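Chain by chain, the residues run as shown.
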Amino acid sequence: MIKSIPNILTVGNLFLGIVAILLAFQPDYKYVDYAAIMVIIGMLLDGLDGRMARLLNAQSEFGKELDSLSDVITFGVAPAFIMYVAAFQEMGMMAVFIVAIFPICGALRLARFNVQTGGSPGYFVGLPITAAGGVLATLALYNNLFSPVYLSVAMLLLSYLMISKIKYPNFKKVGIPKSAYWIAPILIIVVAVLGFMYPKEFPKIVSIPLFLYALYGMKKGIDHLRKKWRKTKTDEDDKVYHDSSL
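A brief look at the structure comes next.

Conventions adopted
Residues numbered from 1 in each chain as written. Predicted model: local features only at pLDDT ≥ 70, side-chain atom pairs only at ≥ 80, totals over all residues. Heavy atoms only, no water. Helix = DSSP H or I, 4+ residues; strand = E, 2+ residues; numbered from the N terminus. Buried < 20%, exposed > 50% of the residue type's maximum accessible area, 1.4 Å probe, protein only. Contact = heavy atoms within 4.5 Å. Areas by Shrake-Rupley, 256 points an atom, 1.4 Å probe, with all protein chains shown as cover. Phe/Tyr/Trp six-rings, centres within 6.5 Å; stacked < 30°, edge-to-face > 60°. Patch = residues over 30% accessible without salt bridge, like charges linked within 9 Å, V, L, I, M, F, W, Y side chains within 5 Å. Salt bridge = Lys/Arg side-chain N within 4 Å of Asp/Glu carboxyl O. Expected span 1.5 Å × (residues − 1). Core = buried A, V, L, I, M, F, W, Y, C linked by side-chain atoms within 4.5 Å. Axes fitted to C-alpha atoms, helices over the stretch in contact; angles between N-to-C directions. Parallel < 35°, antiparallel > 145°, perpendicular 65-115°, else oblique. Left-handed = near helix turned anticlockwise from the far one by under 90°. Nonpolar A, V, L, I, M, F, W, Y, C, P; charged D, E, K, R; others polar.

1. A closer look at the overall build of the protein
Of regular secondary structure, the protein possesses 8 helices and 2 strands. Each helix and strand of the protein, placed in order from N terminus to C terminus, yields the pattern α-α-α-α-β-α-α-β-α-α. A buried classification covers 43% of the 246 residues belonging to the protein. When contacts within the protein are restricted to residue pairs at least 6 apart in sequence, long-range pairs at least 24 apart make up 83% of them. For the protein, the exposed surface amounts to about 14000 Å²; the carbon and sulfur share of it is 70%.

2. Examining the packing of aromatic side chains
Considering all chains together, one arrives at 4 aromatic pairs under this definition. When the centroid spacing of 6.0 Å and the interplanar angle of 50 degrees are considered together, the rings of Tyr31 and Tyr34 count as tilted. You can see Tyr31 and its partner Tyr34 sitting in helix α2 (residues 30–55), 3 residues apart, about one turn around the helix. Ring geometry for Tyr142 and Phe146: centres 6.5 Å apart, planes at 55 degrees, overall tilted. Its relative accessible area of 16% is what places Tyr142 among the buried residues. The partly exposed category is assigned to Phe146, whose relative accessible area is 38%.

3. Remarks on unusual backbone geometry
For Asn57, which is not glycine, the phi dihedral falls at a positive 55 degrees. Counting through the fold element by element, Asn57 comes out in the loop between α2 and α3 (61–88).

4. A short note on a nonpolar patch on the surface
A cluster of nonpolar side chains, Ile104, Leu108, Leu157, Tyr160 and Ile163, forms an exposed patch at the surface whose accessible area comes to about 460 Å². Every element with two or more residues in the nonpolar patch is listed here: α4 (93–115) and α6 (148–163). Broken down by element, the nonpolar patch gets its largest block of residues, 3 residues, from α6. In this fold, Ile104 is placed in helix α4. What makes Ile104 partly exposed here is its relative accessible area of 46%.

5. Some details on α6
For α6, which comprises 16 residues, the first-to-last C-alpha distance of 23 Å matches the rise-based estimate of 22 Å (1.5 Å per residue) to within 8%. Restricting attention to buried positions, one finds in α6 the residues Leu151, Ser152, Met155, Leu158, Ser159, Leu161 and Met162.

6. A few points about α4
Three or four residues apart is the spacing at which side chains of an α-helix point the same way, because the helix has 3.6 residues per turn. In this model, α4 (23 residues) spans 34 Å end to end at C-alpha, consistent with the 33 Å of a helix rising 1.5 Å per residue. All buried positions along α4 are accounted for by Ala95, Ile98, Val99, Phe102, Pro103, Cys105, Gly106, Arg109, Leu110 and Asn114. Contact partners of the buried residues in α4: α3, β1 (123–125), α5 (129–139) and α6.

7. Overview of the side chain of Asp71
Residue placement: Asp71 occurs in helix α3. Judged by relative accessible area, which is 3%, Asp71 ranks as buried. Ignoring anything within four residues of it in the chain, the contact list for Asp71 reads Asn13, Asp46, Gly76, Leu110, Ile129 and Thr130.

8. Things to note about the nonpolar core
Formed by 57 residues in total, the largest nonpolar core has its most connected members in Met38, Ile82, Met83, Phe88, Phe102, Leu127 and Met155. For this core, the secondary-structure elements that each account for two or more residues are α1 (5–24), α2, α3, α4, α5, α6 and α8 (202–245). Per element, the largest residue contribution to this core is 12 residues, and it comes from α2. When near neighbours in sequence (up to four residues on either side) are disregarded, Leu127 contacts Arg109, Ala132, Leu158, Leu161, Met162, Tyr168, Tyr213 and Ala214.

9. Considering the environment of Leu55
With respect to the helices and strands, the residue Leu55 is situated in helix α2. What makes Leu55 partly exposed here is its relative accessible area of 25%. Here the alpha-carbon distance between Leu55 and Lys3, two residues 52 residues apart in the chain, equals 9.8 Å.

10. Digging into the packing of α3 against α5
Here α3 crosses α5 at 20 degrees, and the two axes come no closer than 8 Å. Relative to α5, the element α3 lies roughly parallel. The element α3 and its partner α5 pack so that their crossing is left-handed. When α3 is examined against α5, the residues Asp71, Val72, Phe75, Gly76, Pro79, Ala80, Ile82 and Met83 are found in contact with a partner set consisting of Ile129, Thr130, Gly133, Leu136, Ala137 and Leu139. Class assignment for the residues of the contact of α3 with α5 results in 10 nonpolar, 3 polar and 1 charged.

Structure below.
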């Protein structure tokens, strides 16, 4: 029974994703805020199930596949629907394409992760779908500040970052004392209570570190391209110099 705790947490994550979709399509717009909160709480469960599996020595291929399938719903489909309801309903068929591309890229990201071997320890290749979904779900709450065009660009950018080769830090590799695992349920309850008490402000506050995480990877990618360009330019200058000396 104890060894099934990680899978129970994963199913809880999936359940929250389904609830988020249902809340997003409620007639009262305030439920969009609650839908975003469901995604945020799902992020907590997603971060906890893998750690609990390692702690209880309950890792399995079944759990790995279940986690990926749950992530596609909670952090791929649900945030895309939240954004559609919040900002894209007037865009017609263009919205269908933009909304569909996000979970598709998320599924591709997870499939690549599941078959990937080796890689850089402590890093993810591409923006994790968990972070991308969290950013998108909370970004939808800013629809009164940004036009659908800007939100569409942001959504497509997040989709690209998931399937890109940009490296993002894997905070799951950071060691956490075993005693902290038993604090996690209390933390989840506190987050849930704060979310329902302050639904308007809470998701927007949570979005700040998620935005910074996504931007961090973009900065690393731009820095890498600059170094590559400088190296290419240096090699070309050296070649010109050697050719002229002949």
